[in-house]
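The residues making up each chain are set out below.
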Amino acid sequence: MKAIYLLLVAMIVESHPLIDALPLLEIVLKGTPQQSHTLLDIISCWHMHQLQNCTGKNIRFVGANVYAYWFVPLTNKTEDTIATQRALDFYLGWFVDALVFGDYPDIVKKRAGTRIPYFTEDEAKQVKGSFDFIGINHYSSIYIKNDPMKQNMDNRNFGADAAVDMIAITDDDPAPDQLPVLPWGLQQLLEYFKQVCRNPPIYVHENGQKTKRNTTLNDTGRVKYLKGYIGALLNAIRNGSNAKGYFSWSFLDVLELLDEWESGYGLYYVDLDDPDLKRYPKLSAHWYSGFLKGDNISSDEATGIQKNKTPVSTV
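Throughout this description, residue numbers start from 1 for each chain and increase along the sequence as written. Residues qualify for local features only when their pLDDT is at least 70, as the model is predicted, and side-chain atom pairs are given and counted only at 80 or more; totals for whole chains, interfaces and linings, by contrast, use all residues. Just so you know, side-chain values use all the structure's heavy atoms and leave hydrogens and water out.

S.K.: Help me understand the overall build of the protein chain, please; the structure alone is not making it clear to me.
M.R.: Strands are runs of DSSP state E lasting at least 2 residues, helices are runs of H or I lasting at least 4, and numbering of each runs from the N terminus. The helix and strand tally for the protein chain stands at 9 helices and 13 strands. The rule is simple: take the accessible area with a 1.4 Å probe, protein chains only, and divide by the maximum for that residue type; under 20% is buried, over 50% is exposed, in between is partly exposed. Residues counted as buried form 46% of the 315 residues belonging to the protein chain. Any pair of residues with heavy atoms lying within 4.5 Å of one another is described as a contacting pair. Relative to all contacts within the protein chain whose residues are 6 or more apart in sequence, the contacts with residues 24 or more apart total 69%. With residues, only the protein chains shown are counted as cover, and all accessible areas are computed by Shrake-Rupley using a 1.4 Å probe. When the accessible surface of the protein chain is split by element, carbon and sulfur atoms take 54% of a total near 16,500 Å².

S.K.: Even after reading the chapter, I still don't get the packing of aromatic side chains, so can you show me in this structure?
M.R.: Centre-to-centre distance and the angle between the planes together describe a pair of aromatic rings. For this analysis, a ring pair means two rings from Phe, Tyr or Trp (six-membered ring only for Trp) whose centres lie within 6.5 Å, classed as stacked if their planes differ by under 30 degrees, edge-to-face if by over 60, and tilted for the remaining angles. Evaluation of the coordinates by the stated rule reveals 18 aromatic pairs. Ring centres of Phe71 and Tyr91 lie 5.6 Å apart, and the angle between their planes is 70°; on these two criteria the pair is classed as edge-to-face. With Phe71 in strand β4 (residues 70-73) and Tyr91 in helix α2 (residues 78-101), the pair connects residues that are 20 residues apart, well separated along the chain. An identical accessibility class is assigned to Phe71 and Tyr91; each is buried. On the numbers, 5.5 Å between centres and 35° between planes, the contact of Trp94 with Phe95 is tilted.

S.K.: Please clarify how the packing of helix α7 (residues 220-238) against helix α8 (residues 283-292) should be interpreted in this entry.
M.R.: For the pair α7 and α8, interaxial distance at closest approach is 8 Å and the crossing angle is 30°. Here α7 lies roughly parallel to α8, going by the angle between them. When the axes of α7 and α8 are compared, the crossing they make is right-handed. On the side of α7, the interface is formed by Thr220, Arg222, Val223, Leu226, Lys227 and Ile230, while α8 contributes Leu283, Ser284, Trp287, Tyr288 and Phe291. For the contact of α7 with α8, the class distribution of residues is 7 nonpolar, 2 polar and 2 charged. Orientation is described by lines fitted to C-alpha atoms, with helices fitted over the stretch in contact, and by angles between N-to-C directions that extend from 0 to 180 degrees. These descriptions rest on fixed angle ranges, namely under 35 degrees for roughly parallel, over 145 for roughly antiparallel, 65 to 115 for roughly perpendicular, and the rest for oblique. Here is the rule for handedness: rotate from the far helix to the near one, and if that takes an anticlockwise turn smaller than a right angle the crossing is left-handed, while a clockwise turn gives right-handed. Amino acids are sorted into nonpolar (Ala, Val, Leu, Ile, Met, Phe, Trp, Tyr, Cys and Pro), charged (Asp, Glu, Lys and Arg) and polar (every other residue, Gly among them).

S.K.: Sorry if this is basic, but what is going on with the pattern of salt bridges here?
M.R.: Pairing between side chains becomes possible if they bear opposite charge and their charged atoms approach one another. Salt bridges are counted wherever a side-chain nitrogen of Lys or Arg sits within 4 Å of a carboxyl oxygen of Asp or Glu. Summed over the entire model, instances satisfying the criterion amount to 12 salt bridges. Where Asp253 meets Arg213, a salt bridge forms, and the shortest distance between an N and an O atom there is 3.5 Å. Here the residue Asp253 occupies a position in the loop between β10 (243-246) and β11 (263-264), and Arg213 occupies one in the loop between β9 (211-212) and α7, the gap between them amounting to 40 residues. By relative accessible area, which is 6% here, Asp253 ends up buried. A relative accessible area of 10% places Arg213 in the buried class. For Lys282, the salt bridge identified is with Asp253, shortest N-O distance 3.0 Å.

S.K.: Explanation requested: the packing of helix α6 (residues 183-196) against α7 in the structure shown.
M.R.: Describing two packed helices takes the angle between their axes plus the distance from one axis to the other. Running from amino to carboxyl end, α6 crosses α7 at an angle of 25°, the nearest separation of the two axes being 8 Å. One element, α6, and the other, α7, form an angle in the roughly parallel class. Considering the relative orientation of α6 and α7, their crossing is right-handed. Contacts between α6 and α7 involve Pro183, Leu186, Gln187 and Leu190 from the former and Gly228, Tyr229, Ala232, Leu233, Asn235 and Ala236 from the latter. Within the contact of α6 with α7, the residues separate by chemical class into 7 nonpolar, 3 polar and no charged.

S.K.: Before we go on, may I ask you to explain α8 in this structure?
M.R.: Regarding α8, the residues found buried are Leu283, Ser284, Ala285, Trp287, Tyr288 and Gly290. One or two steps after α8, the chain reaches Gly294, where phi turns positive at roughly 80°.

S.K.: How should the nonpolar core be read in this particular structure?
M.R.: Soluble globular proteins tend to bury their nonpolar side chains together. In terms of nonpolar packing, the biggest core is built from 63 residues, with Leu92, Ile134, Ile136 and Phe193 touching the most fellow members. Ranked by residue count, the leading element in this core is α2, at 12 residues. Apart from residues lying up to four places away in sequence, Leu92 is in contact with Val66, Ala68, Ala87, Asp97, Leu189, Tyr192 and Phe193. Note on terminology: a nonpolar core comprises buried Ala, Val, Leu, Ile, Met, Phe, Trp, Tyr and Cys residues joined through side-chain atoms within 4.5 Å.

S.K.: How should a nonpolar patch on the surface be read in this particular structure?
M.R.: Note that patches include only residues with greater than 30% relative accessible area and no salt bridge, and the join distances are 9 Å for like charges and 5 Å for nonpolar side chains (Val, Leu, Ile, Met, Phe, Trp, Tyr). Together, Leu255, Trp261 and Leu272 give the surface a local cluster of nonpolar side chains, amounting to about 290 Å² of exposed area. Tracing the chain through its elements places Leu255 in the loop between β10 and β11.

S.K.: Please explain α6 as it appears in this structure.
M.R.: Compared with an ideal rise of 1.5 Å per residue, which puts 14 residues at 20 Å, α6 spans 20 Å between its outermost C-alpha atoms and is within 8% of the ideal. Of all the residues in α6, the buried ones are Pro183, Gly185, Leu186, Leu189, Leu190, Tyr192 and Phe193. Looking at the buried residues of α6, the elements they touch are β4, α2, β5 (133-137), β6 (141-146), β8 (202-206) and α7. Arg198, located one to two residues past α6, shows a positive phi value of around 65°. Given a helix with a known number of residues, its expected span is that number minus one, times 1.5 Å.

S.K.: I keep staring at the sheet that holds β10 and nothing clicks. Help me out?
M.R.: Sheet strands pair by backbone hydrogen bonding; their relative direction is either parallel or antiparallel. Judged by pairing direction, the sheet is parallel, and its 4 strands sit side by side in the order β3-β5-β8-β10 without closing on themselves. At either end of the open sheet lies a strand with only one pairing partner, and these are β3 (63-67) and β10. On average, each strand axis in the sheet is inclined to that of its neighbour by 25°, with strand direction left out of account. One ladder, built from 4 bridges, connects β5 with β8; its direction is parallel. Residue pairing in the sheet places Ile136 in a bridge with Val204 of β8. Set on the sheet, α7 makes contact with β8 and β10; between it and β10 the angle comes to about 165°. Strand pairing follows a simple DSSP-based rule, namely that at least 2 bridges must link the two strands.

By themselves, these figures tell us nothing about what the structure is for.
Here it is in structure tokens:
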């Protein structure tokens, strides 16, 4: 990758007189080492401000959101195993290690050299522990293959420093234009946070299945996906993960960052050709609603639910 899209989220849980209109402060940028370093400083300063000035109802929480694949060695060769840990250090550790331990992973510092800023002793103390939660956006898992040739690039960048190839993992029943259903990846990712990153509070901010737009309301693939990943989250919690919450992406079909209107992740279909933008619940909306109500609807039973094709609302 020539650039990483880093999504850092500071969540304002309680209202504040100066920011009532900003319940969610979201900073999106193409990450460079200096920008990322500065952003970590911003998070730590905000956290310090909360500790020093806020009590009672004025307390807010600040956290960092990272896009988190789970990585698996392509083979059992030592070089692929080492490369997989290196990928975790670059894609997760760049931010998470700094917040948890007060410094970047050693391999990141070694390979980036002077291109990545260093923490002074005071900065390290300030950044370490300067968060209340880690948010993760997790959709799938990836095979990792060692690729040392990338280090020979004339213009060294993040991809050259990581020096890995990423190869898609498929599931047993691949569906066209959909993500593979690999819930074990989320469970292992949460286990990694527990064992390696001191088990911080975790919120799954994004997790969901994509489908092509204008296909069908009978999105059985999304039901299967949600059921599997929510089950994996429950298993992780039972194994001691400090996961605190889960958000399905997304409530409605929206403009997506990578493929705009070509696909949708929503539980509700939005008719873009209708001037009132009418919304229709998909099968997954019925399943998820039943799940939240404790109806314990299986994915097979969900396929028999009568879909309501009456618009829910308009905007």
